[in-house]
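# Residue-level structure breakdown
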Amino acid sequence: MAWQQMLDRVVRERYPRLLAHATLLTGNRADAQDVLQDALVATFSGRARFATVAEAEAYVRRAVTSRYIDAVRRRDSERRALRVVGSRPVRPVELEPTGVARELVDALATLPARERACVVLRHVEDMSLRSTAEALGLSEGAVKRYTADGLQALNALLGTTAGDDEHVVVRMKEVRDA
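Now for a quick tour of the structure. (Residues numbered from 1 in each chain as written. Predicted model: local features only at pLDDT ≥ 70, side-chain atom pairs only at ≥ 80, totals over all residues. Heavy atoms only, no water.)

### Regarding the packing of aromatic side chains
If you walk through the whole model with that rule in mind, you get two aromatic pairs. Residues F44 and F50 carry aromatic rings whose centres are separated by 5.8 Å and whose planes lie at 70° to one another, so their mutual orientation is edge-to-face. Looking at F44, the relative accessible area reads 2%, which means it is buried. For F50, a relative accessible area of 13% puts it in the buried group. Among the aromatic residues, those joined into a ring-pair cluster are F44, F50 and Y59. (Phe/Tyr/Trp six-rings, centres within 6.5 Å; stacked < 30°, edge-to-face > 60°. Buried < 20%, exposed > 50% of the residue type's maximum accessible area, 1.4 Å probe, protein only.)

Encoded structure:
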């Protein structure tokens, strides 16, 4: 049986049991779904071959457990690191825009994340269309669309008429509390 067919059968026939197993480990359905999805991808992305659905289920069950244990270890390690870093005194640092009106910064904050990222990378960071697309993992067409939508929203908010071919030079200066 091809791995695709086996994956389909495992999901169709055993998913509820696998999800219950993952839920018992993680304590909630959302995390359980994530862990189970990761386990299924890991199990079948290598074109694993199993003789029976039960054999495949057992393998996925072990993969779920392994991924859960890895996540707990990673979370514990991150917590320890945060305690160490969090115990160090930090001087407050605020980035303050220079050469650009506070209204623009506030208006950018109202844009959806992708539109904001495209506008900032294209017009503030002066990145090319291709570089922006690569940085965001989007197609060039999507970057054009998000940029155009973002500029349209900014123009409406600010009462301006900036086009996609115009660039704004924005410099940030670091302001430290004494």
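### Observations regarding helix α3 (residues 53-86)
A turn of α-helix holds 3.6 residues, and therefore any two residues three or four places apart point the same way. Taking 1.5 Å of rise per residue, the 34 residues of α3 would be expected to cover 50 Å, and the 48 Å separating its terminal C-alpha atoms lies within 8% of that figure. Among all positions in α3, only V53, A56, E57, V60, A63, V64 and A71 are buried. Buried positions along α3 lie against α1 (3-26) and α2 (29-45). (Helix = DSSP H or I, 4+ residues; strand = E, 2+ residues; numbered from the N terminus. Expected span 1.5 Å × (residues − 1). Contact = heavy atoms within 4.5 Å.)

### Considering the packing of helix α5 (residues 113-124) against helix α6 (residues 129-136)
Packing of α5 against α6 leaves a shortest axis separation of 10 Å and a crossing angle of 140°. Classified by the angle between their axes, α5 and α6 sit oblique to one another. The crossing of α5 and α6 is right-handed. Counting all contacts with α5, which are made through A117, C118, L121 and R122, the residues of α6 involved are L129, T132, A135 and L136. For the contact of α5 with α6, the per-class residue count stands at six nonpolar, one polar and one charged. (Axes fitted to C-alpha atoms, helices over the stretch in contact; angles between N-to-C directions. Parallel < 35°, antiparallel > 145°, perpendicular 65-115°, else oblique. Left-handed = near helix turned anticlockwise from the far one by under 90°. Nonpolar A, V, L, I, M, F, W, Y, C, P; charged D, E, K, R; others polar.)

### Topic: the layout of surface pockets
By volume, the second largest pocket is sized at about 220 Å³. Around the second largest pocket, the lining residues are T26, D31, D34, V35, D38, R67, Y68, D70, A71, R74 and R75. For the lining of the second largest pocket, the secondary-structure elements that each account for two or more residues are α2 and α3. When its residues are assigned to classes, the lining of the second largest pocket shows three nonpolar, one polar and seven charged. (1 Å grid on protein atoms, 1.4 Å probe; cavity = no way out; pocket = protein on both sides within 12 Å on 5 of 7 lines; lining within 4 Å. Points joined across faces, edges and corners; volume = space filled by probe spheres on them.)

### Considering the side chain of R122
With respect to the element layout, R122 can be found in helix α5. Among the polar contacts listed, one links the side chain of R122 to the backbone oxygen of M127, at a separation of 2.7 Å. (Polar contact = N/O pair within 3.5 Å; in protein donor to acceptor, adjacent residues only side chain to side chain.)

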